[in-house]
2 protein chains.
Amino acid sequence: MKIIVDAMGGDNAPKAPVLGAIQAAKDFGVEIVLVGQTDRILEALKEEGIDTLPPGVEIAFASQVVTMDAAPTTVLHAYKDSSMVVGARLLSSGGDAFVSAGSTGALLTVGTLVTKRIKGVKRAAISVVCPTEKGSCVILDVGANNECTPEYLQQFAYMGAFYAEKYLGISDPRVAILNNGAEETKGRELQKETYALLKDAGDLHFIGNVEARDVPLGGADVVVCDGFSGNILLKSVEGTATFMAHKLKEMFTKSAATKLGYLLCRSGVADFKKLLDSREVGGSMFLGIQKPVVKAHGSSDDYAMMNAIRQAKICVETGVCQAIRDHMDQMNAPSGETPAET
Amino acid sequence: MKIIVDAMGGDNAPKAPVLGAIQAAKDFGVEIVLVGQTDRILEALKEEGIDTLPPGVEIAFASQVVTMDAAPTTVLHAYKDSSMVVGARLLSSGGDAFVSAGSTGALLTVGTLVTKRIKGVKRAAISVVCPTEKGSCVILDVGANNECTPEYLQQFAYMGAFYAEKYLGISDPRVAILNNGAEETKGRELQKETYALLKDAGDLHFIGNVEARDVPLGGADVVVCDGFSGNILLKSVEGTATFMAHKLKEMFTKSAATKLGYLLCRSGVADFKKLLDSREVGGSMFLGIQKPVVKAHGSSDDYAMMNAIRQAKICVETGVCQAIRDHMDQMNAPSGETPAET
């Protein structure tokens, strides 16, 4: 398996992607192609006392770096020799997955226009894995599409279900629409019409609407939403968790007694922190693209990059994209015929 | 000051509203009118060993009770002798504020159609106070209007600013639009057009967009949003806080050592819990209505009801509705003239 890694994307590039990728090559037995400015990649390695590329790791040269403020629409023209665009081309021509910590918008454009969407998929969706009281859930879309139609959301429901099943190992995942109430009549036209579409989808474990409050409590395995609402959901979970982690720290540092209390609870606090650590979760997956494209957090360190690469590897192994492709083929097949006969 | 209290609204009625109101009459020196079924109100008092109504508390009879599943549009006809509708009529005819723990949708309808909106206000908004790392912020709308126009949001911005200033005592509150990014170009058309309107509002401390992540961290004092997005924001903050409180409990009950740790941190844990206790915050305020209408949480106990009544009292004292009325008069006045001359 060959995983393409954008060596120049993210706040800590090239060091974090390079070291994370080398660790991944070693630990997970995957081949790695580091894409970027060769001299800077080698320099990052040298700083760590590594003089030669480890086995299974190669470099593909790309002269440019997509800046964080680059307008996504300009990327293919203004940054055509960037690590991101070259990486996506290498993905198309033989790579199995692509991991980047660069700009989300640019990566989405590159994924959609270079790697291309699966036939029949109307829009790619950015999906994240969010910890919940019962384990984890998939939320999509969290930012690719501010405006959605019921048909987009219907596709997101299937794509999210395949992702939850394959990547998270949840069998028969419970799919729900993010809404402002549980009843079928709740929400905007978008939610009501999507409800009508999903209610009749026999091959989906559709459980109706889920309120935002129940998402962290494990109310659904797949939370389907437009990119604007999904962004609000995801970011407010993050913000609240950060707020509470700060308050927890305040609580433990209040006095000599609470500091002793902290020492007694240390292992529990570590579990608590781990739960909130975005580095553990990996990155966000662009669903609907021909091959796995994983966006690592911009602030990723080498550990987070390694986890994002592991995530990409699992998606390749479990065939998330193939499952979506098969589903789309089936949807596109003229009724009465099986895809094999078309 | 006369505060009308719906004695029959909420899961714990009539006991919680009745006892909360009696406590409020005693502690805050307000007159209370308990609206509902007299026999049940007196029975609730008797159960607590109270045989006569305390000074400053009276009962207004209403034979019906609005059920939680009543369609808001039917309330004025099917429930015209309910505690909610009668309460709203009493508010119009001499009351200063109305507090109810009944159905949000029904109360909004009653507030809008019986108490009526302030002249010029296009839509009433449900506003909540949310704890943040820097104190508190106002979020509106959190559910009254799924679909909004930039003009609605512009009005919400002003109404929320008056509420933050008067009720929370924040001088020159920082007003922001809830969005999926900080830049002016982010969001849907609604957010972009609202940005353009608020940018030119000289008398508002508009600070641009706020991401959901920064709301719990104190990024703005007033968070302006459509009711659908606001609902997602509010509910996911609640859900995440609940999730983390459960995890915290797990952490402290893990072993004998962590239980001892809990004892050492007890006062801090109490502060932490208090922060999350919806009973402390009071209820949600319907802004844009002629007089303060406060919706207490459906599960309110007497303590929460008392706090909701205190909230109503502060809104009356500080003149939140009057400030909105003055602002609307100024907006409605022909340019070049002052409202006094029209």
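Residues numbered from 1 in each chain as written. Chains lettered and ligands numbered in written order. Predicted model: local features only at pLDDT ≥ 70, side-chain atom pairs only at ≥ 80, totals over all residues. Heavy atoms only, no water.

1. A short note on the overall build of chain A
Which entries qualify depends on this criterion: Secondary structure counts use DSSP, requiring at least four H or I residues in a row for a helix and at least two E residues in a row for a strand, with both numbered from the N terminus. Note that the radius of gyration is over C-alpha atoms, with the globule rule given as 2.2 Å times the number of residues to the power 0.38. The criterion used for residue contact is that any of the two residues' heavy atoms lie within 4.5 Å.
The helix and strand tally for chain A stands at 12 helices and 11 strands. The C-alpha radius of gyration computed for chain A amounts to 21 Å, which stays within 12% of the reference 20 Å derived for 342 residues, consistent with globular compactness. C-alpha atoms of chain A, sized along the principal axes, occupy 65 × 60 × 35 Å. Partitioning the contacts of chain A with sequence separation of at least 6, the portion at a separation of at least 24 is 71%.

2. Regarding the pattern of salt bridges
This is how the line gets drawn: Here, a salt bridge means any Lys or Arg side-chain nitrogen found within 4 Å of an Asp or Glu carboxyl oxygen. Residue burial is assigned from relative accessible area. The probe radius is 1.4 Å, only protein chains are included, and a residue is buried under 20% of its type maximum, exposed over 50%, and partly exposed in between.
As enumerated under the stated definition, the model contains 20 salt bridges over all chains in all. When the shortest N-O distance is used, the salt bridge between Glu48(A) and Lys15(A) registers 3.4 Å. On the criterion of sequence distance, the pair formed by Glu48(A) in the loop between helix H2 (38-47) and strand S3 (57-61) and Lys15(A) in helix H1 (residues 15-28) is long-range, its members being 33 residues apart. Overall, Glu48(A) belongs to the partly exposed group, its relative accessible area being 39%. Classification of Lys15(A) by relative accessible area gives partly exposed; the value is 38%. Salt bridges here are not isolated pairs; linked through shared partners, they connect Glu147(A), Asp226(A) and Arg188(B).

3. Brief notes about the sheet that holds strand S1 (residues 2-6) of chain B
Sheet strands pair via backbone hydrogen bonds, and the direction of the pair is either parallel or antiparallel. Residue and element names in this part refer to chain B. Put simply, the test is: Strands were regarded as paired on the criterion that DSSP finds at least two bridges between them. Fitted lines through C-alpha atoms give the axes, limited to the stretch in contact for helices. The angle between two N-to-C directions lies from 0 to 180 degrees.
Taken together, 11 strands build an open sheet; the order of strands is S3-S2-S1-S4-S11-S10-S5-S6-S9-S7-S8 and the sheet is mixed. Lying at the two open borders of the sheet, with one neighbouring strand each, are strand S3 (57-61) and strand S8 (206-211). On average, each strand axis in the sheet is tilted by 30 degrees relative to the strand beside it, whichever way the strands run. Summarising the sheet, strand S7 (residues 175-179) and S8 pair through 5 bridges and their orientation is parallel. Following the sheet pairing, Ile177 is matched in S8 by Asn209. Along the sheet face, helix H11 (residues 302-318) touches S1, strand S2 (31-36), strand S4 (97-100), strand S10 (284-287) and strand S11 (293-295) and points at about 160 degrees away from the line of S4.

4. So, the packing of helix H4 (residues 83-92) of chain B against helix H5 (residues 104-116) of chain B
When two helices pack together, their arrangement is given by the angle between the helix axes and the distance between those axes. Residue and element names in this part refer to chain B. Under the convention used in this document: We call a crossing left-handed when the near helix sits turned anticlockwise from the far one by less than a right angle, and right-handed when that turn is clockwise.
Orientation of H4 relative to H5, taken along the N-to-C sense of each, is 35 degrees, at an axis distance of 10 Å. Once H4 is placed against H5, the crossing between them reads as right-handed. Residues Met84, Val85, Ala88, Arg89, Leu91 and Ser92 of H4 lie in contact with H5, whose contacting residues are Ala106, Leu107, Val110, Val114 and Thr115.

5. Re the side chain of Asn145(B)
Residues and elements named next belong to chain B. The test is simple: Whenever a nitrogen or oxygen atom comes within 3.5 Å of another N or O atom, the pair is scored as a polar contact, on the condition that within protein one atom can donate a hydrogen and the other can accept it, and that pairs from neighbouring residues in sequence are kept only if both atoms are in side chains.
Examined against the element boundaries, Asn145 turns out to sit in the loop between strand S6 (135-140) and helix H6 (150-166). Judged by relative accessible area, which is 8%, Asn145 ranks as buried. A distance of 3.0 Å separates the side chain of Asn145 from the backbone oxygen of Ala124, its partner in a polar contact.

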